[in-house]
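Architecture at a glance
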Amino acid sequence: MSSIIIIAITAIVVLYLGLYKVKSALLPVSVLGLLGAAASLVCVWDKNISYFNDMLVFNNYAIAFSILLIATTILIFLLSGNYFEKISSNVAEYYTILLFALSGGVVMVSFQNMSMLFIGIEILSVSMYIMAGIKKTDSASNEAALKYFLMGSFATGILLFGIALIYGATGSFNLVQIAGKASEQPLLFYAGVIFMLIAMTFKVGVAPFHFWTPDVYQGAPTLVSSFMSTVVKTAGFAAFLRLFGSAFTSVPAIWTVTLVVMVVLTLLIGNITAAFQQNVKRMLAYSSISHAGYMLIAILLLGQASPNAILIYSVAYSIASVASFGVMVAVKEQKGSDDLSAFNGLGRTNPVLAFVMTVALCSLGGIPLTAGFFGKFYIFGVAIAANYTWLIAIAVLMAAVGIYYYFKVIIAMYLRESENSESIQLSLAYKFVLIFCIMITILLGIAPALITNIL
Amino acid sequence: MTLSILIFLPIAFMILVALLPSSLNHTFKYITLAVSIVQLIIAGFMYTHFNHSLPGVFNEQTFQFVEKHSWINLNLGTLGKLQIQYFLGVDGISIGLLILSAFVMAIAALASWEIKTNEKGYFCLFLLLNAAIMGVFSALDFFLFYIFYELMLLPLYFLIGIWGGARREYASIKFFLYTLLGSVFMLLVIIGLYFSVKDPVTGAHTFDMLSMMNPANYVQGSVFDIHSSTLLFGVSPRLLAFAVLFIAFAIKVPIVPLHTWLPDAHVEAPTPISIILAGVLLKIGGYGIIRICMGIFPDGAIYFSWVIGLIGVVSIIYGAMSALAASDLKRLIAYSSVSHMGFVLLGIASLTVEGISGAMFQMISHGVLSSMLFFLVGVIYNRVHDRDIANFRGLYSQMPTYSVFVFIAFFASLGLPGFSAFIAEAFSLIGAFNSNSIPRWMAVVGAVGILLGAAYFLWTLQRMFFGKTRFKGGEEWQSQLSDVNTREIIALSPMAVVALVLGIMPFLFFDMSNSAMVELVNSTLKSGSLHLETLSKLLN
Amino acid sequence: MLLLEQLPVNYAPVAFQFFVAVGFVVVTMLATHLIGPKRKTSDKLTPFESGVEVQGNARHPMSVKYFLVAILFVLFDVEVIFMYPWAVNFRELGILGMLEMFTFMIFLLLGFIYIIKKGALNWE
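Keep in mind the model is a prediction, meaning the values are calculated, not measured.

A word on the overall build of chain A
When its secondary structure is counted, chain A shows 20 helices and 2 strands. Relative to the compact-globule value of 23 Å for 455 residues, chain A shows a C-alpha radius of gyration of 21 Å, a close match. With the C-alpha coordinates of chain A rotated into their principal frame, the extents come out at 70 × 55 × 40 Å. Buried residues in chain A amount to 61% of all 455 residues.

Structure representation (structure tokens):
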């Protein structure tokens, strides 16, 4: 709880710092606040504290995911450097809105009550609507914001309807009580479950509710896209699993079939469409859809291993995404484009950037000795143990397709010649974040036990 | 510790090379060569300390130079604990290939003198590849094996893709995707095996290959349990798993029709990488089939032996025919590799001691000879940047010493008695003749393949080396085509000597591998037919 | 449970109202379309505003000041609604409730100050 308060207060402090034109203090204060929030979470590890009549419960699950969200946000903030200053004069608002979004994310991973889930999702989503459209003069950004807002509010409506139906069926908002009364009003309850399933899959961008994802990711400023594909997605999945894992376990048959179809659709659409993209940002957007498909497998198989599987996958995916988006920002700044051709010859002109991108893409693709491999390995292992062999056969095939399109970027970087041979100058913080991400990716690839046994 | 040193020595020097400033470019090749020579010395040490009487194969106690440490422990909750071990060891199957790898890597390092651009990146990747290859041949934990197997892929991809010829991009991605597709499905089998097998000592699920080979370790009713009657896609999971693993490895071997990456990769790859590809990488396919496919799924080996034999024969004939039609010298040699590796499959399919020993020996022999052939192609390619057979004539009078080496390599490859390939092919064919599992005509057709081999090698000799000296590039080429220099002689001579020594004294290898082969064949036949019986009972 | 058993009967009025609503729209639209006299001239198709002819393009930027102020009003108005339930339960919530309300008011005030400082309320 104290972490949410710290994040919210940091956001307001940053807002006022911006008001009084103390621009140089924005980043340090935000990062310090986030570190404080993370520290306050570490202190309550294993304590299982609940707040406001069990509306929020900070168990280890919530703490682990909150720390992941905060850490990812810190990394993205460190990458921002003077990125925001270039697109707008209202820099403080960027930090503030992202911090507010983060506080929403923390609420989402720690809720125990459906109303808190709703509030968390709304805080996160409304902030993201603003962030998607923050480039006021850019029509792509406007389009992204409008699409995101319209479809997002529609999904929110469906979520609310689902919550209402479930409340009607069980008479409670509390996850534990809902699970106990699941069978009292089966018709209303199942309808509610399906509504909530639709809303949650929309929020995490799973096919067939994925249409907003590529447009929004491409239209939004790149760092905001990286925030969406990491923090927003992780929070969404953590909330998804928390909701379904504790409240709806007793009625799996009603939603597993739906979910299996969604997994297959997501994997196929995400990967195959990504393979045809010529724009790296759009490719990463589609690949993020496909990653949602893999994570969905862990939710499908609800079990003791699911939280761990989602956590490992999210950590690997978030860190690799931050690194790859970071490289993309740097490349776009120099070349003015994030098309595949902008990466041509990067291996020669900027060996460090190219290496970072290579490791990040290998991790996203699931090549051994990177964290991403263990993410996939863990999920596939759990699924095979549950006898979903054919589903995993599709997933593995799609993973191979994934490696194909990630390698298109690597091919461009190393095997193609670039027109200009200027190297890109990076700030110290930027280099630190990229190297840090790569180190973590490789470290977790060699010793995954560091994070796998904590939940 | 020996095996760990063998694997991690290149990695240590890779870090060193990566850290050294680029101004020391010219020293990198010496560092790499020194690493390879040290590895060769270690391999020699292992050869002399190898106990020939211990069979290995199935029993951990009879493996040598064993290292076993716990590496990754993951808690899968209700699914138990995931245990991955750092488990290395060698036996009669792997020792020969390990020594071959060290030898070929040293030759490839000598051939790397031709690399002139971005040396740092090249030698880093080269050393990484070296480590991965050593790891593949010594890993006894399936997961560790898989990691090394995949780790090998990336450096090779870049080595072909960056330092290759004109169509390198196409060739490298083709190579990469072919291998990758095989290996991702291999991963599925690995995970399936993991959930089926329990370590008899700790009771936890394990990736230990040796545990997987013992039917007693399988969990009752698990996917790959012999007594389980579950079907996957309408077939027995064990046979399906054998087929998947076989295809994954056979892509590497390569077999017709999954061989199309090989000519492209060879033609586009720089000489040292061609040497490594032909000399070591193709052997990983054969090694995987013998160690993993046969070891873990003996029932599949018997059940599919006819198909494997057929694929072997088709590869022999198809490879030889394509070699006859090839106009590019390097492509010719690449296709001859397809043909020669067909003997490996034929030998394996025979399921006899002679056949499998012949297959193993063919891998060693082909490793040495194909390295030599690719090195020889590299020699003329470096001088005139052309290797079309039609563009050269009468090379003998232009480059006499070079031609002598070519004669040795060609005659050795076409199976002249006294050279290693003769022994290898003879053993494979004897095995195929004596085999109960494959029909005799396969052996006969395989023998025809040797004839075809003689045809394309001799025809090439006739076209390129005899007659009046005439080159496409005229005077200019004449001045560029100088005879082999000292470095090249240093690299070529040991290969010629090894081919000859192994041809005259094949027991140098057979002594080492024999007990392992006997053990492998006997137990494969015994437990495999037992499994098949159980299976057919369950299905009826 | 009760609700479910009587499902079809209970929802009949709703369905009835739905059909009446839809029917009214359809009937009036059809009726006016069929009964009304039609005289089509070119003048009738031009944009028409209070008998004055159209000048210039309708799509050009205009001040959103009023819109902004209206939005801010709605925002603060809605926030103030929270005061009512607090006032009703003032006694039960006690001192803690008051502190929480004060915190809420401080946040609201901070937002208000931010808006003024940003110049959102400057009319000129």
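A word on the environment of Lys 23 of chain A
Residue and element names in this part refer to chain A. Among the structural elements, Lys 23 can be located in helix H2 (residues 23-43). Assessed through the 14 C-beta atoms surrounding it within 10 Å, Lys 23 is described here as partly exposed. Placed 88 residues apart in sequence, Lys 23 and Phe 111 show a C-alpha to C-alpha distance of 35 Å.

Some details on the environment of Ser 225 of chain A
Residue and element names in this part refer to chain A. For Ser 225, the position within the fold is in helix H11 (residues 222-246). In this structure Ser 225 comes out as buried when scored by C-beta crowding, with 26 C-beta atoms within 10 Å. Counting along the chain gives 115 residues from Ser 225 to Leu 340, while the straight-line C-alpha distance between them is 18 Å. Setting aside its immediate chain neighbours within four residues, Ser 225 contacts Tyr 217, Ala 220, Lys 281 and Phe 325.

Topic: the arrangement of the chains
Most contacts, among the 2 pairs of chains that meet, fall between chains A and B. The least C-alpha distance between chain B and chain C, which are not in contact, is 37 Å.

Description of the interface of chain B and chain A
At the interface, 31 residues of chain B touch 27 residues of chain A. Those elements giving two or more residues to the side of chain B that touches chain A turn out to be strand S1 (64-75), helix H5 (142-163) and helix H6 (168-196) of chain B. Here the side of chain B that touches chain A takes 14 residues from H6 of chain B, the largest share from any one element.

Observations regarding the UniProt feature "transmembrane region" (unreviewed entry) in chain C
All names here are of chain C. The positions that UniProt labels "transmembrane region" (unreviewed entry) are, in the present scheme, residues 12-35, 66-87 and 93-116. Overall, residues 12-35 shows 100% helix and 0% strand. The separation of its end C-alpha atoms is 33 Å. In residues 66-87, helix accounts for 95% and strand for 0%; the two terminal C-alpha atoms are 32 Å from one another.

Side note on the interface of chain A and chain C
Taken together, the contact between chain A and chain C spans 5 residues of the former and 4 residues of the latter. At 3 residues, helix H1 (residues 2-19) of chain A tops the list of elements feeding residues into the side of chain A that touches chain C. Of the residues that constitute the side of chain A that touches chain C, the class distribution is 4 nonpolar, 1 polar and no charged.

What about unusual backbone geometry?
For residues other than glycine, phi is negative in most cases, and the peptide bonds are mostly trans. Here the residue pair Ala 207 of chain A and Pro 208 of chain A is connected by a cis peptide bond, since its omega of 0 degrees sits within 30 degrees of zero. Mapping Pro 208 of chain A onto the fold places it in the loop between helix H9 (186-204) and helix H10 (212-219). Cis geometry is adopted by the peptide bond preceding Pro 254 of chain B, which originates at Val 253 of chain B and carries an omega value of -5 degrees. Its place among the elements puts Pro 254 of chain B in the loop between helix H8 (237-252) and helix H9 (261-268).

Cut-offs applied
Residues numbered from 1 in each chain as written. Chains lettered and ligands numbered in written order. Predicted model: local features only at pLDDT ≥ 70, side-chain atom pairs only at ≥ 80, totals over all residues. Helix = DSSP H or I, 4+ residues; strand = E, 2+ residues; numbered from the N terminus. Rg over C-alpha atoms; globule rule 2.2 N^0.38 Å. Buried ≥ 20, exposed ≤ 12 C-beta atoms within 10 Å, placed from the backbone. Contact = placed C-beta atoms within 7 Å. UniProt positions renumbered as here; feature names shortened; annotations may be inferred. Nonpolar A, V, L, I, M, F, W, Y, C, P; charged D, E, K, R; others polar.

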